[in-house]
Amino acid sequence: MSEMPKTLVMGASGLIGRPVAETLASAGLPVRAGYRSRPVAIPGAEPVRVDAETGEGLAEAVEGMDQIFLLVGDMPDQTGAELRIVDAARRAGVGHIVKLSTFGAETESYSIARIHRPVEQAIEQSGIAYTFLRPNCFMQNFHTYYGDMIAHTGLVRLPCDDAAVSFIDARDIAAVAARVLVDEAWRGRAYDLTGPQALTHDQAVSFLATADGKPVRYRSITDEECRSDMIAAGLSAAYAEDIVELCRHYRTGAAARISSAVEDITGRSALSFATFAADHPAPWA
């Protein structure tokens, strides 16, 4: 590989992909910033439209690239879309893939893990050097996925009981990704990425406040109540089932584990939930 590897960053208009592309480009590295529907303008990066679902623009995007940051957003066949990228990377002679996966992917014990593990396996079998990043639940989910619920009710309603989760700030995931894309020492392994502590949802929402300054509360509900809530909100039954299965996975205690990988790779401590809450004004406020 050249001293200045050329990198295609997928999902470059999003929460993680954008800071990854910005970090690499600001360091003077050649970057293609891949987006699907939201055009992205990052100083020093070449924007390129890629539709992983259909393959449109994919061959052109990977051509001449040394490595890929593989991130695909939620879509009906996410596994198929990511496998399409892996195949294009192999045919184009890409030398390294950093894949954003999920915590516990290797167990295939819940539906989101089963989306990611076949892609990891395809990369392992492709002969391409790899680094797998397996983050736990994003702290930002409390703003993105639960924001409307909090805005309208002041509650987070999920069937998680008092299960603890080592939530991670998406900024830490991006920092790790940017580092492993420029340092070959981290290749050939999978890294579990977590925050510095495991919190129950009740403990996590204690750092948040409603628009009128009242504490956000957590209410544990049944699996069936969660399905009904999500379907009533216009989400698909399949998506609702994925969330129920994820919460069931949390209830086993498997998401409480804490990893040192963020600090090992970036050289600084992982950000706490208190820091996340202080740094990000709630969107419902």
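Our subject is the structure that appears above.
Draft legend 1. Structural detail: empty space enclosed by the protein. In total, this model carries 1 cavity of 30 Å³ or more according to the counting rule given. If you add up the space inside the largest cavity, you get close to 40 Å³. Residues belonging to the lining of the largest cavity are distributed by class as follows: 6 nonpolar, 4 polar and no charged.

Draft legend 2. Structural view of the sheet that holds strand E1 (residues 7-9). Taken together, 7 strands build an open sheet; the order of strands is E3-E2-E1-E4-E5-E6-E9 and the sheet is parallel. A strand with exactly one partner marks an edge of an open sheet, and here the two such strands are strand E3 (45-49) and strand E9 (190-193). Strand-to-strand twist in this sheet, taken as the mean axis angle between neighbours without regard to direction, amounts to 20°. Sheet topology note: the strand E6 (residues 129-135)/E9 ladder contains 4 bridges and is parallel. Bridge pairing in E9 places Leu133 opposite Tyr191. Across the sheet, helix H7 (residues 170-180) touches strand E4 (67-70), strand E5 (96-100), E6 and E9, and the angle it forms with E6 is around 170°.

Draft legend 3. Representation of the packing of helix H3 (residues 78-92) against helix H4 (residues 111-126) within the structure. H4 packs onto H3 with a crossing angle of 15° between their chain directions and a minimal axis gap of 9 Å. Considered as vectors, H3 and H4 are oriented roughly parallel to each other. Note that H3 runs across H4; the crossing there is right-handed. Where H3 abuts H4, its residues Gln78, Thr79, Glu82, Leu83, Val86 and Arg90 lie against Arg114, Ile115, His116, Pro118, Val119, Ala122, Ile123 and Ser126. In terms of residue class, the contact of H3 with H4 is built from 7 nonpolar, 4 polar and 3 charged.

About the thresholds
Residues numbered from 1 in each chain as written. Predicted model: local features only at pLDDT ≥ 70, side-chain atom pairs only at ≥ 80, totals over all residues. Heavy atoms only, no water. 1 Å grid on protein atoms, 1.4 Å probe; cavity = no way out; pocket = protein on both sides within 12 Å on 5 of 7 lines; lining within 4 Å. Points joined across faces, edges and corners; volume = space filled by probe spheres on them. Nonpolar A, V, L, I, M, F, W, Y, C, P; charged D, E, K, R; others polar. Pairing = 2+ DSSP bridges. Helix = DSSP H or I, 4+ residues; strand = E, 2+ residues; numbered from the N terminus. Axes fitted to C-alpha atoms, helices over the stretch in contact; angles between N-to-C directions. Contact = heavy atoms within 4.5 Å. Parallel < 35°, antiparallel > 145°, perpendicular 65-115°, else oblique. Left-handed = near helix turned anticlockwise from the far one by under 90°.

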